[in-house]
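Descriptive analysis of the structure
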Amino acid sequence: QIQLVESGGGLVQPGGSLKLSCAASVDISTLHRVGWYRQVAGKERELVATISRGGLINYGDSVKERFSVSNDTVKNTVSLHMNSLKPENTAVYYCYVESQWTDYWGQGTQVTVSS
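Presented here is an overview of the structure given in this document. (Residues numbered from 1 in each chain as written. Predicted model: local features only at pLDDT ≥ 70, side-chain atom pairs only at ≥ 80, totals over all residues. Heavy atoms only, no water.)

Some points on the sheet that holds strand S8 (residues 77–82)
- One open sheet holds the four strands; their spatial order is S1-S3-S8-S7, and the pairing between them is antiparallel. A single partner strand is all that each edge strand has here, and the edge strands are strand S1 (4–7) and strand S7 (67–72). Between one strand and the next, the sheet's axes are offset by a mean angle of 15°, whatever the strand orientation.
- Examined bridge by bridge, S1 and strand S3 (residues 18–24) share four bridges and lie antiparallel to one another. Looking across to S3, one finds that Glu6 is bridged to Cys22. (Pairing = 2+ DSSP bridges. Helix = DSSP H or I, 4+ residues; strand = E, 2+ residues; numbered from the N terminus. Axes fitted to C-alpha atoms, helices over the stretch in contact; angles between N-to-C directions.)

Regarding the nonpolar core
- Within the largest apolar cluster, 28 residues are counted, with the highest numbers of intra-cluster contacts made by Leu4, Trp36, Val48, Phe67, Leu80, Met82 and Tyr93.
- Among the elements of the structure, S3, strand S4 (33–39), strand S5 (46–52), S7, S8, strand S9 (91–98) and strand S11 (109–113) are those that each provide at least two residues to this core.
- Sequence-distant contacts of Leu80, defined by excluding residues within four places in its chain, comprise Leu18, Lys19, Leu20, Trp36, Val48, Ala49, Phe67, Ser68, Val69 and Tyr93. (Core = buried A, V, L, I, M, F, W, Y, C linked by side-chain atoms within 4.5 Å. Buried < 20%, exposed > 50% of the residue type's maximum accessible area, 1.4 Å probe, protein only. Contact = heavy atoms within 4.5 Å.)

Description of unusual backbone geometry
- Positive phi values are uncommon outside glycine, yet Glu65 reaches one of about 75°.
- One can find Glu65 in the loop between strand S6 (57–59) and S7.
- Judged by its relative accessible area of 83%, Glu65 falls in the exposed class.
- The phi torsion at Asn76 lies on the positive side, around 60°, for a residue other than glycine.
- Checked against the element boundaries, Asn76 lands in the loop between S7 and S8.

Some words on the packing of aromatic side chains
- Counting across every chain of the model gives three aromatic pairs.
- Look at Tyr37 and Trp105: their rings are 5.2 Å apart centre to centre, the planes differ by 70°, and that puts the pair in the edge-to-face class. Here the residue Tyr37 occupies a position in strand S4, and Trp105 occupies one in strand S10 (residues 103–105), the gap between them amounting to 68 residues.
- A relative accessible area of 36% places Trp105 in the partly exposed class.
- One aromatic cluster is present, formed by Tyr37, Tyr96 and Trp105 through successive ring pairs.
- Residue placement shows Arg45 over the ring face of Tyr94; its charged tip is 3.8 Å from the ring centre.
- Here Arg45 stacks its cationic end above the ring of Trp105, 4.5 Å away from the centre of that ring. (Phe/Tyr/Trp six-rings, centres within 6.5 Å; stacked < 30°, edge-to-face > 60°. Lys NZ or Arg CZ within 6 Å of the ring centre and 35° of its normal.)

Fair warning: the whole summary comes from geometry, so function is off the table for now.
This is the structure:
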């Protein structure tokens, strides 16, 4: 069982920035993929950004050039830097990791973009 603990969510004004962090209870260099998804109430969970073990980064179309995902294999953390935030980026953001056997999700952290 892998535990994921997210932090960094909150309220931010449009155009602002926010950093999310996810601490994993395992060595993330052994995982197939790590990253972030988000979900708005009543809608499906959607991709924000992921990093594969080989270093391939994949972004959701709506966040390219504004969001940046990174990982730290020493601290076993996955971070999401979000810039130029828009009200439509409001959602619960979930940390995600994919092991050899299954996927794991964090508890989610709320991000609200509003003036």
